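Structural features, examined
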Amino acid sequence: MLTRLAIADLLKGIAVFFMIQVHIIELFAHETIYNSSQGKWLLFFGCPIVAPVFMVIMGYFLAKSEKTTKTLVLRGVKVFCLGMFLNLALNFNLILSVAKGIYHYELLPYIFGVDVLLFAGLAIILLSMVRVFLTSNLILTISLILLCVISGDFIKEYLPQNSIIKYVSAFFYGTVNWSYFPILPWLAYPLTGFVVHQLNQTHKIDSFASLRIKVATAFCFAVFLTLTINFGISVSSQLSNYYHHGFVFYLWTIVFLFFYVFFVNEINKLLSDILLFRFLRWLGMNVTIVYLVQWVIIGNVATEIYKSISSPVYLGLCFIGILSISSLMCYFINRVRGQRF
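Keep in mind that this is a model prediction, so the values were computed, not measured.

Thoughts on the overall build of the protein chain
- Across its full length, the protein chain holds 18 helices and 0 strands.
- The principal-axis extents of the C-alpha atoms in the protein chain amount to approximately 65 × 50 × 45 Å.
- Within the protein chain, the fraction of its 341 residues that count as buried is 51%.
- Across the protein chain, contacts joining residues at least 24 apart in sequence account for 82% of those joining residues at least 6 apart.
- Separation between the mean location of the 22 positive side-chain charges and that of the 12 negative ones in the protein chain comes to 10 Å.

This is the structure in C-alpha coordinates:
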(Lines give C-alpha, C1' and ligand atoms only; values in the text may rest on other atoms or scores of the structure.)
Protein backbone atom coordinates (compact mmCIF):
# COMPACT_ATOMS: atom_id res chain seq x y z
CA MET A 1 0.00 0.00 0.00
CA LEU A 2 1.48 3.35 -1.04
CA THR A 3 1.60 6.11 1.55
CA ARG A 4 1.11 9.76 0.69
CA LEU A 5 4.11 12.05 0.50
CA ALA A 6 3.34 15.29 2.34
CA ILE A 7 5.81 17.27 0.20
CA ALA A 8 4.06 16.06 -2.97
CA ASP A 9 0.69 17.22 -1.63
CA LEU A 10 2.20 20.56 -0.63
CA LEU A 11 3.72 21.08 -4.09
CA LYS A 12 0.38 20.26 -5.73
CA GLY A 13 -1.44 22.56 -3.32
CA ILE A 14 0.85 25.49 -4.14
CA ALA A 15 0.35 24.65 -7.82
CA VAL A 16 -3.45 24.79 -7.37
CA PHE A 17 -3.13 28.20 -5.70
CA PHE A 18 -1.16 29.67 -8.61
CA MET A 19 -3.20 27.76 -11.21
CA ILE A 20 -6.39 29.55 -10.18
CA GLN A 21 -4.72 32.96 -10.35
CA VAL A 22 -3.25 32.32 -13.79
CA HIS A 23 -6.61 31.18 -15.16
CA ILE A 24 -8.13 34.40 -13.83
CA ILE A 25 -5.38 36.50 -15.43
CA GLU A 26 -5.77 34.65 -18.75
CA LEU A 27 -9.55 34.95 -18.99
CA PHE A 28 -10.66 37.85 -16.79
CA ALA A 29 -7.85 40.44 -16.92
CA HIS A 30 -8.01 43.31 -19.37
CA GLU A 31 -5.16 43.57 -21.85
CA THR A 32 -3.68 46.51 -19.92
CA ILE A 33 -3.05 44.18 -16.97
CA TYR A 34 -2.37 41.03 -18.99
CA ASN A 35 0.41 42.71 -20.99
CA SER A 36 1.90 44.65 -18.09
CA SER A 37 5.08 43.63 -16.30
CA GLN A 38 2.97 42.57 -13.31
CA GLY A 39 0.79 40.48 -15.61
CA LYS A 40 3.84 38.74 -17.05
CA TRP A 41 5.06 37.89 -13.56
CA LEU A 42 1.64 36.47 -12.68
CA LEU A 43 1.66 34.37 -15.85
CA PHE A 44 5.15 33.17 -14.95
CA PHE A 45 4.04 32.01 -11.50
CA GLY A 46 1.25 30.06 -13.18
CA CYS A 47 3.56 28.16 -15.53
CA PRO A 48 6.71 26.33 -14.31
CA ILE A 49 5.40 25.58 -10.82
CA VAL A 50 1.95 24.43 -11.98
CA ALA A 51 1.55 22.00 -14.90
CA PRO A 52 5.17 20.70 -14.87
CA VAL A 53 4.87 20.03 -11.13
CA PHE A 54 1.59 18.16 -11.57
CA MET A 55 3.05 16.09 -14.40
CA VAL A 56 6.37 15.22 -12.72
CA ILE A 57 4.54 14.10 -9.57
CA MET A 58 2.07 12.09 -11.65
CA GLY A 59 4.95 10.34 -13.41
CA TYR A 60 6.72 9.66 -10.12
CA PHE A 61 3.71 7.93 -8.58
CA LEU A 62 2.93 6.12 -11.82
CA ALA A 63 6.44 4.64 -11.74
CA LYS A 64 6.04 3.86 -8.03
CA SER A 65 2.58 2.31 -8.36
CA GLU A 66 2.09 -1.39 -7.74
CA LYS A 67 -1.20 -1.48 -9.68
CA THR A 68 -1.54 -3.63 -12.77
CA THR A 69 -1.20 -2.25 -16.27
CA LYS A 70 -4.88 -2.90 -16.93
CA THR A 71 -5.92 -0.96 -13.83
CA LEU A 72 -3.73 1.99 -14.76
CA VAL A 73 -4.90 2.02 -18.39
CA LEU A 74 -8.51 2.06 -17.21
CA ARG A 75 -7.64 4.92 -14.89
CA GLY A 76 -6.16 6.81 -17.84
CA VAL A 77 -9.34 6.25 -19.86
CA LYS A 78 -11.43 7.58 -16.95
CA VAL A 79 -9.22 10.68 -16.62
CA PHE A 80 -9.47 11.29 -20.38
CA CYS A 81 -13.28 11.00 -20.29
CA LEU A 82 -13.36 13.33 -17.27
CA GLY A 83 -11.35 15.84 -19.32
CA MET A 84 -13.89 15.67 -22.16
CA PHE A 85 -16.73 16.17 -19.68
CA LEU A 86 -14.92 19.16 -18.19
CA ASN A 87 -14.56 20.78 -21.63
CA LEU A 88 -18.33 20.62 -22.03
CA ALA A 89 -18.99 21.81 -18.46
CA LEU A 90 -16.65 24.79 -18.45
CA ASN A 91 -17.90 25.92 -21.89
CA PHE A 92 -21.58 25.29 -21.14
CA ASN A 93 -22.46 28.99 -21.08
CA LEU A 94 -20.59 29.56 -24.34
CA ILE A 95 -22.31 26.60 -26.01
CA LEU A 96 -25.72 27.96 -24.96
CA SER A 97 -24.82 31.45 -26.14
CA VAL A 98 -23.76 30.14 -29.56
CA ALA A 99 -26.94 28.05 -29.81
CA LYS A 100 -29.00 31.19 -29.08
CA GLY A 101 -27.10 33.18 -31.70
CA ILE A 102 -25.58 35.58 -29.15
CA TYR A 103 -22.05 34.63 -30.21
CA HIS A 104 -20.76 33.15 -33.42
CA TYR A 105 -17.81 30.92 -32.59
CA GLU A 106 -16.62 27.57 -33.88
CA LEU A 107 -17.27 25.33 -30.87
CA LEU A 108 -15.08 22.35 -31.77
CA PRO A 109 -11.83 23.99 -30.54
CA TYR A 110 -13.49 24.50 -27.15
CA ILE A 111 -15.02 21.03 -26.94
CA PHE A 112 -11.80 19.31 -28.01
CA GLY A 113 -9.35 21.67 -26.33
CA VAL A 114 -6.40 19.55 -25.19
CA ASP A 115 -6.18 20.61 -21.55
CA VAL A 116 -4.30 18.97 -18.68
CA LEU A 117 -6.82 16.23 -17.88
CA LEU A 118 -6.96 15.03 -21.48
CA PHE A 119 -3.17 15.02 -21.66
CA ALA A 120 -2.92 13.27 -18.28
CA GLY A 121 -5.31 10.54 -19.39
CA LEU A 122 -3.33 9.85 -22.56
CA ALA A 123 -0.03 10.01 -20.67
CA ILE A 124 -1.22 7.47 -18.08
CA ILE A 125 -2.36 5.12 -20.84
CA LEU A 126 0.88 5.39 -22.83
CA LEU A 127 3.27 5.21 -19.88
CA SER A 128 1.38 2.37 -18.20
CA MET A 129 1.91 0.22 -21.28
CA VAL A 130 5.68 0.82 -21.37
CA ARG A 131 6.26 1.21 -17.62
CA VAL A 132 7.91 -2.19 -17.31
CA PHE A 133 10.64 -1.07 -19.74
CA LEU A 134 11.15 2.35 -18.16
CA THR A 135 11.33 1.64 -14.44
CA SER A 136 14.63 -0.23 -14.77
CA ASN A 137 16.19 1.61 -17.72
CA LEU A 138 17.32 5.14 -16.92
CA ILE A 139 19.02 5.66 -20.29
CA LEU A 140 15.87 4.71 -22.20
CA THR A 141 13.75 7.07 -20.09
CA ILE A 142 16.12 10.01 -20.62
CA SER A 143 16.26 9.23 -24.34
CA LEU A 144 12.46 9.38 -24.54
CA ILE A 145 12.49 12.71 -22.72
CA LEU A 146 14.90 14.14 -25.28
CA LEU A 147 12.82 12.68 -28.10
CA CYS A 148 9.66 14.34 -26.75
CA VAL A 149 11.07 17.83 -26.31
CA ILE A 150 13.19 17.87 -29.47
CA SER A 151 10.83 16.15 -31.92
CA GLY A 152 7.84 18.10 -30.61
CA ASP A 153 9.62 21.36 -31.35
CA PHE A 154 10.76 20.12 -34.77
CA ILE A 155 7.45 18.80 -36.15
CA LYS A 156 5.00 21.24 -34.54
CA GLU A 157 4.63 23.31 -37.72
CA TYR A 158 3.77 20.31 -39.92
CA LEU A 159 0.02 20.31 -39.42
CA PRO A 160 -2.38 18.06 -41.35
CA GLN A 161 -4.79 19.78 -43.71
CA ASN A 162 -7.70 17.44 -43.06
CA SER A 163 -9.80 19.02 -40.30
CA ILE A 164 -10.63 15.72 -38.56
CA ILE A 165 -7.01 14.59 -38.52
CA LYS A 166 -6.01 18.05 -37.31
CA TYR A 167 -8.23 17.66 -34.24
CA VAL A 168 -6.81 14.20 -33.57
CA SER A 169 -3.19 15.32 -34.08
CA ALA A 170 -3.73 18.21 -31.64
CA PHE A 171 -3.67 15.65 -28.82
CA PHE A 172 -0.16 14.61 -29.84
CA TYR A 173 1.61 17.66 -31.31
CA GLY A 174 1.11 20.93 -33.14
CA THR A 175 0.54 24.62 -32.61
CA VAL A 176 -3.22 24.96 -33.16
CA ASN A 177 -4.68 27.24 -30.53
CA TRP A 178 -6.72 24.48 -28.84
CA SER A 179 -3.71 22.19 -28.32
CA TYR A 180 -2.58 23.38 -24.89
CA PHE A 181 -0.87 20.25 -23.58
CA PRO A 182 -0.04 17.91 -26.47
CA ILE A 183 1.89 14.70 -25.86
CA LEU A 184 4.90 16.33 -27.53
CA PRO A 185 6.59 17.95 -25.62
CA TRP A 186 4.59 17.48 -22.40
CA LEU A 187 5.15 13.75 -22.00
CA ALA A 188 8.71 14.72 -21.03
CA TYR A 189 7.48 15.82 -17.59
CA PRO A 190 5.85 12.58 -16.37
CA LEU A 191 8.88 10.81 -17.86
CA THR A 192 10.99 13.07 -15.66
CA GLY A 193 8.95 11.76 -12.74
CA PHE A 194 10.05 8.27 -13.77
CA VAL A 195 13.67 9.47 -13.69
CA VAL A 196 13.19 10.94 -10.21
CA HIS A 197 11.75 7.65 -9.01
CA GLN A 198 14.64 5.67 -10.52
CA LEU A 199 17.24 7.95 -8.98
CA ASN A 200 15.46 7.81 -5.64
CA GLN A 201 15.54 4.02 -5.79
CA THR A 202 19.28 3.91 -6.33
CA HIS A 203 20.54 7.04 -4.53
CA LYS A 204 17.76 7.89 -2.02
CA ILE A 205 17.36 11.53 -3.02
CA ASP A 206 16.78 13.78 -0.03
CA SER A 207 17.40 17.38 0.95
CA PHE A 208 20.97 18.12 1.96
CA ALA A 209 21.59 18.03 5.70
CA SER A 210 24.66 20.27 5.80
CA LEU A 211 24.02 23.98 6.41
CA ARG A 212 26.99 24.77 4.17
CA ILE A 213 25.42 22.86 1.27
CA LYS A 214 22.08 24.57 1.85
CA VAL A 215 23.70 27.99 1.73
CA ALA A 216 25.62 27.02 -1.41
CA THR A 217 22.37 25.80 -3.00
CA ALA A 218 20.65 29.08 -2.15
CA PHE A 219 23.54 30.99 -3.71
CA CYS A 220 23.38 28.88 -6.88
CA PHE A 221 19.62 29.43 -7.11
CA ALA A 222 20.08 33.19 -6.79
CA VAL A 223 22.71 33.19 -9.54
CA PHE A 224 20.55 30.98 -11.76
CA LEU A 225 17.54 33.28 -11.37
CA THR A 226 19.59 36.42 -11.92
CA LEU A 227 20.99 35.09 -15.19
CA THR A 228 17.92 33.36 -16.60
CA ILE A 229 14.71 34.74 -15.07
CA ASN A 230 14.05 37.00 -18.07
CA PHE A 231 14.14 33.96 -20.33
CA GLY A 232 11.71 32.08 -18.07
CA ILE A 233 9.29 35.01 -17.99
CA SER A 234 9.53 35.62 -21.75
CA VAL A 235 8.42 32.06 -22.53
CA SER A 236 5.87 31.75 -19.72
CA SER A 237 4.13 35.04 -20.56
CA GLN A 238 3.68 34.03 -24.21
CA LEU A 239 1.33 31.10 -23.73
CA SER A 240 1.65 29.70 -27.24
CA ASN A 241 5.43 29.48 -26.69
CA TYR A 242 4.89 27.92 -23.28
CA TYR A 243 2.44 25.27 -24.48
CA HIS A 244 4.71 24.29 -27.38
CA HIS A 245 8.16 24.87 -25.91
CA GLY A 246 11.31 22.99 -26.85
CA PHE A 247 14.36 21.54 -25.16
CA VAL A 248 15.84 24.79 -23.79
CA PHE A 249 12.77 25.76 -21.80
CA TYR A 250 12.26 22.17 -20.63
CA LEU A 251 15.83 22.12 -19.31
CA TRP A 252 15.37 25.54 -17.69
CA THR A 253 12.15 24.32 -16.02
CA ILE A 254 13.79 21.18 -14.62
CA VAL A 255 16.70 23.15 -13.18
CA PHE A 256 14.27 25.71 -11.73
CA LEU A 257 12.14 22.96 -10.21
CA PHE A 258 15.19 21.30 -8.65
CA PHE A 259 15.88 24.44 -6.62
CA TYR A 260 12.18 25.19 -6.07
CA VAL A 261 11.37 21.75 -4.66
CA PHE A 262 14.48 21.84 -2.48
CA PHE A 263 13.46 25.09 -0.79
CA VAL A 264 9.76 24.18 -0.50
CA ASN A 265 10.86 21.01 1.28
CA GLU A 266 13.14 22.94 3.64
CA ILE A 267 10.45 25.51 4.44
CA ASN A 268 7.91 22.73 4.98
CA LYS A 269 10.17 21.24 7.67
CA LEU A 270 9.90 24.48 9.62
CA LEU A 271 6.28 25.46 8.95
CA SER A 272 4.49 22.20 8.19
CA ASP A 273 2.08 22.50 11.11
CA ILE A 274 0.80 26.02 10.43
CA LEU A 275 -2.74 26.35 9.04
CA LEU A 276 -1.66 27.69 5.63
CA PHE A 277 0.57 24.70 4.91
CA ARG A 278 -2.07 22.27 6.15
CA PHE A 279 -4.58 23.95 3.84
CA LEU A 280 -2.20 23.81 0.87
CA ARG A 281 -1.54 20.10 1.48
CA TRP A 282 -5.30 19.54 1.65
CA LEU A 283 -5.69 21.31 -1.71
CA GLY A 284 -2.98 19.06 -3.12
CA MET A 285 -4.74 15.95 -1.84
CA ASN A 286 -7.96 17.11 -3.50
CA VAL A 287 -6.44 18.59 -6.63
CA THR A 288 -8.80 16.91 -9.11
CA ILE A 289 -12.00 18.13 -7.44
CA VAL A 290 -10.68 21.68 -6.99
CA TYR A 291 -9.40 21.70 -10.57
CA LEU A 292 -12.83 20.72 -11.92
CA VAL A 293 -14.78 23.19 -9.79
CA GLN A 294 -12.56 26.22 -10.43
CA TRP A 295 -12.58 25.59 -14.20
CA VAL A 296 -16.37 25.24 -14.35
CA ILE A 297 -16.72 28.57 -12.51
CA ILE A 298 -14.02 30.43 -14.43
CA GLY A 299 -14.97 29.02 -17.83
CA ASN A 300 -18.65 29.90 -17.60
CA VAL A 301 -18.08 33.33 -16.04
CA ALA A 302 -15.46 34.14 -18.70
CA THR A 303 -18.14 33.91 -21.38
CA GLU A 304 -19.71 37.00 -19.83
CA ILE A 305 -16.67 39.05 -18.76
CA TYR A 306 -13.85 37.83 -21.00
CA LYS A 307 -10.77 40.04 -20.52
CA SER A 308 -12.83 42.97 -19.22
CA ILE A 309 -11.58 43.50 -15.64
CA SER A 310 -9.03 46.29 -15.45
CA SER A 311 -8.93 46.64 -11.66
CA PRO A 312 -6.29 44.60 -9.77
CA VAL A 313 -8.56 44.79 -6.71
CA TYR A 314 -11.45 43.15 -8.57
CA LEU A 315 -9.14 40.48 -9.95
CA GLY A 316 -7.91 39.81 -6.42
CA LEU A 317 -11.48 39.49 -5.18
CA CYS A 318 -12.24 37.08 -8.04
CA PHE A 319 -9.28 34.97 -6.98
CA ILE A 320 -10.33 34.92 -3.32
CA GLY A 321 -13.92 34.13 -4.26
CA ILE A 322 -13.13 31.30 -6.67
CA LEU A 323 -10.53 29.75 -4.34
CA SER A 324 -13.02 29.93 -1.46
CA ILE A 325 -15.95 28.50 -3.42
CA SER A 326 -13.81 25.71 -4.91
CA SER A 327 -12.44 24.81 -1.47
CA LEU A 328 -15.87 24.84 0.17
CA MET A 329 -17.42 22.72 -2.55
CA CYS A 330 -14.52 20.28 -2.27
CA TYR A 331 -14.99 20.17 1.50
CA PHE A 332 -18.70 19.38 1.22
CA ILE A 333 -18.11 16.79 -1.49
CA ASN A 334 -15.60 15.09 0.80
CA ARG A 335 -18.06 15.25 3.70
CA VAL A 336 -20.65 13.48 1.55
CA ARG A 337 -17.99 10.89 0.66
CA GLY A 338 -17.18 10.46 4.35
CA GLN A 339 -13.74 12.09 4.27
CA ARG A 340 -12.58 14.59 6.88
CA PHE A 341 -10.63 17.82 6.32
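So, next bit.
A look at the pattern of salt bridges
- Following the criterion strictly, the structure yields 4 salt bridges and no others.
- The residue Glu-31 makes a salt bridge to Lys-307 at a minimum N-O spacing of 4.0 Å. In this pair, Glu-31 sits in helix 2 (residues 31-34) while Lys-307 sits in the loop between helix 17 (287-305) and helix 18 (312-336), placing the two residues 276 residues apart along the sequence.
- It is possible to trace a salt-bridge network through shared partners that takes in Lys-214, Glu-266 and Lys-269.

Considerations on the packing of aromatic side chains
- Throughout the structure, instances matching the rule amount to 36 aromatic pairs.
- Taking the ring centre of Tyr-34 as reference, the NZ or CZ of Lys-307 above it sits at 3.9 Å.

Remarks on the nonpolar core
- If you look at the biggest cluster of nonpolar residues, it comprises 105 residues, and the most contacted ones within it are Ile-20, Phe-28, Phe-256 and Tyr-260.
- Among the elements that take part in this core, helix 1 (residues 6-27) stands out by supplying 13 residues, more than any other.
- Apart from residues lying up to four places away in sequence, Phe-28 is in contact with His-23, Ile-298, Val-301, Ala-302, Ile-305, Lys-307, Ser-308, Ile-309, Leu-315, Cys-318 and Ile-322.

So, the confidence of the model for the protein chain
- Per-residue pLDDT for the protein chain has a mean of 92; in total, 96% of the residues score no lower than 70.
- Here helix 10 (residues 163-169) is the element of the protein chain with the lowest mean pLDDT, 88, and helix 5 (residues 69-90) is the one with the highest, 97.

Digging into the environment of Pro-312
- Relative to the assigned elements, Pro-312 resides in helix 18.
- Residue Pro-312 is classed as exposed on the basis of its relative accessible area, which comes to 60%.
- As for Pro-312 and Val-248, which are separated by 64 residues in sequence, their C-alpha atoms are 33 Å apart.

Observations concerning the side chain of Gln-198
- Take Gln-198: it is sitting in helix 12 (residues 188-203).
- At 3.2 Å, the side chain of Gln-198 forms a polar contact with the backbone nitrogen of Leu-138.
- Every residue in contact with Gln-198, bar those within four places of it in the chain, is listed here: Leu-134, Thr-135, Asn-137, Leu-138 and Thr-141.

Observations regarding the environment of Ile-95
- Turning to its location among the elements, Ile-95 is positioned in helix 6 (residues 92-99).
- On the accessibility criterion, Ile-95 (23% relative accessible area) is partly exposed.
- In the structure, Ile-95 is positioned 10 residues away from Tyr-105 in sequence and 9.1 Å away in space, judged by C-alpha atoms.
- With near-sequence residues (within four places) excluded, Ile-95 lies in contact with Leu-88 and Leu-107.

Describing the side chain of Gln-21
- Positionally, Gln-21 belongs in helix 1.
- For Gln-21, a relative accessible area of 10% puts it in the buried group.
- Polar side-chain contacts of Gln-21 include one of 2.8 Å to the backbone oxygen of Leu-42.
- Excluding anything up to four places from it in sequence, Gln-21 contacts Leu-42, Phe-45, Gly-46 and Phe-319.

Things to note about the packing of helix 3 (residues 37-45) against helix 13 (residues 211-236)
- Two elements in contact, helix 3 and helix 13, have axes separated by 8 Å at closest approach and are oriented at 85°. With respect to each other, helix 3 and helix 13 are oriented roughly perpendicular. Along the contact surface, helix 3 presents Lys-40, Trp-41, Leu-43 and Phe-44, while helix 13 presents Ile-229, Gly-232, Ile-233 and Ser-236.
- Looking at the contact of helix 3 with helix 13 residue by residue, the class counts come to 5 nonpolar, 2 polar and 1 charged.

Some words on unusual backbone geometry
- Look at the link from Leu-184 to Pro-185: it is a cis peptide, with omega at 15°.
- A positive phi is found at Lys-307, a non-glycine position, where the angle reads about 50°.
- Accessibility expressed as a relative area gives 16% for Lys-307, which makes it buried.

Here we look at a nonpolar patch on the surface
- A contiguous nonpolar surface patch, about 810 Å² in accessible area, is contributed by Leu-126, Met-129, Val-130, Val-132, Phe-133, Leu-140, Ile-164, Val-168 and Phe-172.
- For the nonpolar patch, the secondary-structure elements that each account for two or more residues are helix 8 (116-134) and helix 10.
- Take Leu-140: its relative accessible area is 33%, and that puts it in the partly exposed class.

Some points on the packing of helix 1 against helix 18
- At a minimum axis separation of 10 Å, helix 1 and helix 18 run at an interaxial angle of 135°. Here helix 18 runs oblique to helix 1, going by the angle between their axes. For helix 1 against helix 18, the interelement crossing comes out right-handed. Two secondary-structure elements touch here, helix 1 through Phe-17, Ile-20, Gln-21, Ile-24 and Ile-25 and helix 18 through Leu-315, Cys-318, Phe-319, Ile-322 and Leu-323.
- Looking at the contact of helix 1 with helix 18 residue by residue, the classes come out as 9 nonpolar, 1 polar and no charged.

What counts, and at which threshold
Each chain has its residues counted from 1, following the order in which its sequence is written. In keeping with the model being predicted, local features are shown solely for residues with a pLDDT of at least 70 and side-chain atom pairs are shown and tallied solely at 80 or more, while totals for entire chains, interfaces and linings include all residues. Just so you know, side-chain values use all the structure's heavy atoms and leave hydrogens and water out. Secondary structure elements follow DSSP: runs of H or I of four or more residues count as helices, runs of E of two or more count as strands, with numbering from the N terminus. The rule is simple: take the accessible area with a 1.4 Å probe, protein chains only, and divide by the maximum for that residue type; under 20% is buried, over 50% is exposed, in between is partly exposed. The contact criterion used is simple: two residues touch if any of their non-hydrogen atoms lie within 4.5 Å. We score Asp and Glu as negative and Lys and Arg as positive, and we do not count His or the chain ends. The atom standing in for a charge is NZ when the residue is Lys, CZ when it is Arg, CG when it is Asp and CD when it is Glu. By definition here, a salt bridge exists when the distance from a side-chain nitrogen of Lys or Arg to a carboxyl oxygen of Asp or Glu is within 4 Å. Stacked, tilted and edge-to-face are the three classes assigned to paired rings of Phe, Tyr and Trp, where Trp is represented by its six-membered ring and a pair needs centres within 6.5 Å; plane angles under 30 degrees give stacked, over 60 edge-to-face, the rest tilted. Geometrically, a lysine NZ or arginine CZ counts as sitting over a ring once it is within 6 Å of the ring centre and also within 35 degrees of the ring normal. Note on terminology: a nonpolar core comprises buried Ala, Val, Leu, Ile, Met, Phe, Trp, Tyr and Cys residues joined through side-chain atoms within 4.5 Å. As a per-residue measure, pLDDT tells how confident the predictor is, with possible values from 0 to 100. The term polar contact refers here to a pair of N or O atoms within 3.5 Å; inside protein, the definition further demands a hydrogen-donor-capable atom paired with an acceptor-capable atom, and it admits residues adjacent in sequence only when both atoms are side-chain atoms. As a rule, the C-alpha atoms of each element are fitted with a line to give its axis, helices using only the stretch in contact, and angles between N-to-C directions run from 0 to 180 degrees. Roughly parallel means an angle under 35 degrees; roughly antiparallel, over 145; roughly perpendicular, 65 to 115; everything else is oblique. Note on residue categories: nonpolar means Ala, Val, Leu, Ile, Met, Phe, Trp, Tyr, Cys or Pro, charged means Asp, Glu, Lys or Arg, and polar means any other residue, Gly included. Here, patches come from residues exposed beyond 30% relative accessible area and free of salt bridges, joined within 9 Å for like charges and within 5 Å for nonpolar side chains (Val, Leu, Ile, Met, Phe, Trp, Tyr). Note on areas: Shrake-Rupley, 1.4 Å probe, and residue coverage restricted to the protein chains presented here. Left-handed describes a crossing in which the near helix is turned anticlockwise from the far one by less than a right angle; the clockwise case is right-handed.

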